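Structure assessment
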Amino acid sequence: MPAFNSRDFNSQNMYVPFEGTLCNRNTVEQFKECDKMGIINAAGANLYRSIVSGEALEKPSILNSFLILSFADLKKYDYYYWFAFVVPKNLFIEVADKSNISAVFTKDIRSTLYSEFKQLSAIQKTYFLVDSKLNKILTLKEVKGLSMDATKDFYFAFFNISVCPDLVGSQLRNFVALLTHVWPFLQDTTQKFLSIICSRDGSEINVDKSMVFHLKLPTVSENTLNTWVGWEKNERDRLGPKVAHMKSTLDPAVLAENSVDLNLKLMKWRVVPDINLEKIKFTKCLLLGSGTLGCCVARSLLAWGVRTITMVDNSTVSFSNPVRQSLFTYEDSVKMRPKAEAAADRLKEIFPGVKSKGVQLTIPMPGHTVSESTVEQTTKSVAVLTDLIKESDVVFLLMDSRESRWLPAMLGSFYNKVAAFVSNYFQIVINAALGFDSYLVMRHGAQAGNASSDASPKELKGFQFIEGRNLGCYFCNDVTAPGDSVKNRTLDQQCTVTRPGIAQIAGALAVELAVSLLQHSDGYVWFSALNELLPHIAE
């Protein structure tokens, strides 16, 4: 069926609908322990009500009823399912005689019957009557006044769903339950039934394999329809569910992507229903610095489902890096691979769904001399950096030195203003820096020509805050002008000396701050609390 319980599917006019209920359980325990008999008896009771009310006479397809009890293990990609075709347990039909349709109807009449069958609506194709005198098909609702004498001229017809043409399907019990309720005089009588089977002979479709049955109908009381059965047997020929193990048939890359999304959706379903995961997923992140902080931030972004990450660095992997910088291995240091390239490749190995790239780039810094021989390269570096920042939604400043952050901070501030003026869109710039046992995580302000002239702290429910549009950048909060901070430094002064766990804390908070800004209704202009609930975040 193109759609569950859809009746508008019969493009070839030769199929019949089945109407059913999907009973999905959230845990495997619920699936195992649920009352199967209770479920199928409830479905049978609904079916019986439709017979008594006359609805089944108007829409015979209701008699083709099924249940699906299911549980989907989305972690293992195992799908448990159990079909039931609802029929009364204590209603039995005896076959007195059977023959092929050709023994009763000529070829021309069979052709006429097939043509009329095709003209029936989908809901009437399941069960109907054939007038043998007029060689005409009648719907059940057209013969409500059927008498016992008239039955000799009628065949009670049904579309046979049995895989064996000379057998009647179990669903015929429901048809008999309807017939004996509407016309009680049919009980304990033998009646003619026409089993319609459509088959193809070359390019022609006909009903030549259809069968005529003489069936002895039982006595049906209300108690006969109290108990219902129909649960199918599994591949071991026992009553029980079947399991589809889908993991081996699916693309591993697709499995990985679905699993990443599932973990985040669980958070949305259970804790934060309003979170916009798609916004996070399609955020383009630029990481300036692919060292200890860069690796931590990149891994946290992957965990949030971010799909586009650009890594930037100008150095290669050294032997001291792999133990602290989680995206590098010993082999990277042996080969002296560029950090940005190695980090981008490792992200793809961790999660094939990420679009990561590495850019080897030296960021021009104030206080560092630019000789005539390097002017052209410096100009190119500025152009590359400018394009990277313009193309990104979130920029993380994660470099080792103060002055390397200056140009990206200025470009971020400038393009923030331009973007906000054009489309009311703000680029997020997050700065993170490490000390020995301290760290700084901050966001830069975003001004769009509408910054408040009064930048003093405001009061909100006992908190002091500064609006995001009035926040400064890393250098606005520093009294020292940027300069060459690495000149004349000894080895211990050149390296970032910090406790190993500090980078993970700072990197995680930097990402959480960015995600919070992406999700907040006020976006980047969200106020900055001076006495934050998370005191380690200094904005």
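See the structure printed just above.
All values reported here derive from a predicted model rather than from experimental measurement.

Considerations on the overall build of the protein
Along its length, the protein carries 14 helices and 22 strands. Counting over 539 residues, the protein shows a buried share of 45%. For the protein, the share of sequence-separated contacts (at least 6 apart) that also reach a separation of at least 24 residues comes to 70%.

Things to note about helix 14 (residues 500-519)
For helix 14, with 20 residues, the first-to-last C-alpha span of 30 Å sits near the 28 Å given by 1.5 Å per residue. For helix 14, the set of buried residues is Ile 502, Ala 503, Ala 506, Gly 507, Leu 509, Ala 510, Val 511, Leu 513, Ala 514, Val 515, Leu 517 and Leu 518. Buried positions along helix 14 lie against helix 7 (277-281), helix 8 (292-303), strand 17 (394-397), strand 18 (428-434) and strand 19 (439-443).

With respect to a nonpolar patch on the surface
On the surface, a cluster of nonpolar side chains totalling about 350 Å² of accessible area is made up of Phe 319, Tyr 330 and Val 334. As for its placement among the helices and strands, Tyr 330 is situated in helix 9 (residues 330-334). On the accessibility criterion, Tyr 330 (54% relative accessible area) is exposed.

Some points on the packing of aromatic side chains
Any aromatic ring pair is given by two values, namely how distant the centres are and how the planes are angled relative to each other. On inspection of all chains with the given rule, the structure shows 16 aromatic pairs. Relative to Tyr 80, the ring of Phe 71 lies with its centre 5.9 Å away and its plane at 35°, an arrangement referred to as tilted. On the basis of an interplanar angle of 80° and a centroid distance of 4.9 Å, the ring pair of Phe 414 and Tyr 415 is categorised as edge-to-face. Taken together, the ring pairs connect Phe 18, Phe 66, Tyr 81, Phe 83 and Phe 85 into an aromatic cluster.

Considerations on the environment of Arg 324
Along the chain, Arg 324 turns up in the loop between strand 15 (308-313) and helix 9. Spatially, the C-alpha atom of Arg 324 lies 8.9 Å from that of Ala 503, the residues being 179 residues apart in sequence. Not counting residues up to four positions away in its chain, the partners in contact with Arg 324 are Thr 292, Thr 498, Arg 499 and Pro 500. For Arg 324, the side chain forms a polar contact with the main-chain oxygen of Thr 498, separated by 2.8 Å.

Focus on the environment of Ile 280
Among the secondary structure elements, Ile 280 is positioned in helix 7. For Ile 280, a relative accessible area of 1% gives the class buried. For the pair Ile 280 and Val 515, spaced 235 residues apart in the sequence, the C-alpha separation amounts to 7.1 Å. Setting aside chain neighbours within four positions, we find Ile 280 in contact with Ile 275, Trp 304, Val 306, Val 515 and Gln 519.

Reading the values: rules and limits
Numbering of residues begins from 1 in every chain and follows the order in which that chain's sequence is written. Selection of residues for local features in this predicted model requires a pLDDT of at least 70, selection of side-chain atom pairs for listing and counting requires 80 or more, and totals for whole chains, interfaces and linings are taken over all residues. Hydrogen atoms and water are omitted, and side-chain values are computed over all heavy atoms in the structure. Only DSSP runs of H or I covering at least 4 residues are called helices, and only runs of E covering at least 2 are called strands; the numbering of each starts at the N terminus. Only protein chains enter the accessibility calculation, which uses a 1.4 Å probe; a residue is then buried when its area is under 20% of its type maximum, exposed when over 50%, and partly exposed in between. Residue contacts are counted whenever heavy atoms from the two residues lie within 4.5 Å of one another. What a helix should span is 1.5 Å times the count of its residues minus one. Residues enter patches when their relative accessible area tops 30% and they take part in no salt bridge; the joining distance is 9 Å for like charges and 5 Å for the nonpolar side chains Val, Leu, Ile, Met, Phe, Trp and Tyr. Exposure was quantified through the Shrake-Rupley algorithm and a 1.4 Å probe, taking into account, for residues, occlusion by the shown protein chains and nothing else. For salt bridges, the criterion is a side-chain nitrogen of Lys or Arg within 4 Å of an Asp or Glu carboxyl oxygen. Between the rings of Phe, Tyr and Trp (Trp by its six-membered ring), a pair exists once the centres lie within 6.5 Å; its type follows the angle of the planes, with under 30 degrees stacked, over 60 edge-to-face, and the other angles tilted. Any pair of N or O atoms that falls within 3.5 Å is considered a polar contact. Within protein, one atom must be able to donate a hydrogen and the other to accept it, and sequence-neighbouring residues count only if both atoms are side-chain atoms.

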